[in-house]
Structure formats: structure tokens, C-alpha cells
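# Examination of the molecular architecture
Chain residues, written in single-letter form:
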Amino acid sequence: MATVELRFSAQPEHVRTARLVAAAVARRAGVDEAVLDEVRLAVGEACSRAVGLHRSHGITAPVRVVLSEEEKVFSIEVGDEVPSAVGGAADVPGVRATAVEEDSDEGEDHMGLAVISGLVDDVEVSSSDDGGVIRMSWPATPGAALS
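It should be emphasised that the depicted structure is a prediction, and the values quoted were computed from it without experimental measurement.

## A short note on the overall build of the protein
Summing up its helical and strand segments, the protein has 3 helices and 6 strands in all. In the protein, the order of α-helices and β-strands from amino to carboxyl end is β-α-α-β-β-β-α-β-β. Taken across its 147 residues, the protein has 44% of its residues classed as buried. Of the contacts formed within the protein by residues at least 6 apart in sequence, a portion of 66% connects residues at least 24 apart. About 7600 Å² of surface is accessible on the protein, with carbon and sulfur atoms providing 50% of the total.

Here it is as C-alpha cells:
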């Protein structure tokens, strides 16, 4: 299993870099070319959400992006450091929540998660006292990108 980890300060200008890295690693992992735009958009939404949460709550820790290539799956985790009591993903259609989360008055947060769930078939949002994670995955054909 190959893994790439990216950490960046919560600045909007770094989201573009995360999108580019995600697309490059997804291509290398064998994600279908037709899906790469969805990967870019979903990572952009997830990173923008994390940046927004960090900035609005005064958190200086970096945003984490972990890109993993397994046998037939390419997955991305975007993590923030906002505790679950502060930022949540409650009741977003199409998103599996893995922790009990409180309602957030941030409509923008829910909109971003709804966009992600529309782009990615396999998405999971979890939240704890240590922060939140959005896990997304796509089918991959290892070796196909090398041909």
C-alpha cells in the first residue's frame, strides 16, 4: 500500500495544491481518467471545508490530507482539528456519519458535504473531540496508469 501525506496551513490558496496532488496520485493509483475531475472537486470541497473550519475557530494546526493506494481502491482522508461539539456533519443526505454530531448553524459546511456526497459514491464523515475526518474512496486499477 502506497501512502502520500500532505499537511498545509489553513490558507485557501493551499487548497489548489491539495487538488493537484490528489489528482496526480489518483492518476498514478489507476483511478479512471473520467473520474479525476470528481476527485479534484471532492478534495477541493473537503479541503476548503477544513480550511474554513480552522479559520473560523482560530485553529492554527495544519489541515491533513492522506492519499492511500490499496489493491483496488484509492482513498483520501481530509482531516481537521475542530472538535465534534464545534463543527459537525449531522443529517447531510448521502453521507454516512460515524459519530453522534451536534447540529451546526454553518449552512456552508452542510452545503460542502452535500456537494462531496454528490461527487463521491463512497464517503464517510466522522467527528470526535480530536477533530473531523472526511474519508472518500474510488475504484482503482493498479498498473493501468503505468501502461
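Back to the write-up after that little detour.
## Focus: the nonpolar core
Within the largest apolar cluster, 34 residues are counted, with the highest numbers of intra-cluster contacts made by Val39, Phe74, Ile76, Val78 and Met136. Broken down by secondary-structure element, the contributors of at least two residues to this core are strand 1 (2–8), helix 1 (15–29), helix 2 (36–56), strand 2 (63–69), strand 3 (73–79), helix 3 (107–119), strand 5 (122–128) and strand 6 (131–139). Of all the elements, helix 2 adds the most residues to this core, at 8 residues.

## Some words on helix 2
Over its 21 residues, helix 2 runs 30 Å from end to end, which matches the ideal 30 Å to within 8%, given 1.5 Å per residue. Those residues of helix 2 that sit buried are Leu36, Val39, Ala42, Val43, Gly44, Ala46, Cys47, Arg49, Ala50, Val51, Leu53 and His54.

## A short note on the confidence of the model for the protein
Mean pLDDT over the protein works out to 84, with 79% of the residues at or above the 70 mark. When mean pLDDT is compared element by element in the protein, strand 2 scores highest at 97, while strand 4 (residues 96–97) scores lowest at 47. Segment residues 87–105: pLDDT under 50, and 45 contacts once partners within four positions in sequence are set aside and those in other chains are kept.

## Considerations on the packing of helix 1 against helix 2
One can describe the packing of helix 1 onto helix 2 by two numbers: an axis separation of 9 Å at closest approach and a directional angle of 145 degrees. Read as a crossing pair, helix 1 and helix 2 show a hand that is right-handed. Of the residues in helix 2, those touching helix 1 at Val15, Ala18, Arg19, Ala22, Ala23, Ala26 and Arg27 are Leu36, Val39, Arg40, Val43, Gly44, Cys47, Ser48 and Val51. Of the residues contributing to the contact of helix 1 with helix 2, the split by class is 10 nonpolar, 2 polar and 3 charged.

## Notes on the pattern of salt bridges
Working definition: two side chains of opposite charge can pair if their charged atoms are close together. If you walk through the whole model with that rule in mind, you get 7 salt bridges. For aspartate 80, the salt bridge goes to arginine 49, with nearest N and O atoms at 3.6 Å. Remark: arginine 49 occurs in helix 2 and aspartate 80 occurs in the loop between strand 3 and strand 4; sequence separation between them is 31 residues. According to the relative accessible area criterion, aspartate 80 is buried, its value standing at 3%. Since its relative accessible area comes to 12%, arginine 49 is described here as buried. Linking glutamate 124 and arginine 135 is a salt bridge whose minimum nitrogen-to-oxygen distance equals 3.9 Å. With glutamate 124 in strand 5 and arginine 135 in strand 6, the pair connects residues that are 11 residues apart, well separated along the chain. Relative accessible area serves as the criterion here: at 30%, arginine 135 is assigned to the partly exposed category.

## Quick word on the pairing of strand 5
Here 7 bridges tie strand 5 to strand 6, and the two strands are oriented antiparallel to one another. Directly across from valine 123, in strand 6, lies its bridge partner methionine 136.

Analysis parameters
- Residues numbered from 1 in each chain as written.
- Predicted model: local features only at pLDDT ≥ 70, side-chain atom pairs only at ≥ 80, totals over all residues.
- Heavy atoms only, no water.
- Helix = DSSP H or I, 4+ residues; strand = E, 2+ residues; numbered from the N terminus.
- Buried < 20%, exposed > 50% of the residue type's maximum accessible area, 1.4 Å probe, protein only.
- Contact = heavy atoms within 4.5 Å.
- Areas by Shrake-Rupley, 256 points an atom, 1.4 Å probe, with all protein chains shown as cover.
- Core = buried A, V, L, I, M, F, W, Y, C linked by side-chain atoms within 4.5 Å.
- Expected span 1.5 Å × (residues − 1).
- pLDDT = per-residue confidence, 0-100.
- Axes fitted to C-alpha atoms, helices over the stretch in contact; angles between N-to-C directions.
- Left-handed = near helix turned anticlockwise from the far one by under 90°.
- Nonpolar A, V, L, I, M, F, W, Y, C, P; charged D, E, K, R; others polar.
- Salt bridge = Lys/Arg side-chain N within 4 Å of Asp/Glu carboxyl O.
- Pairing = 2+ DSSP bridges.

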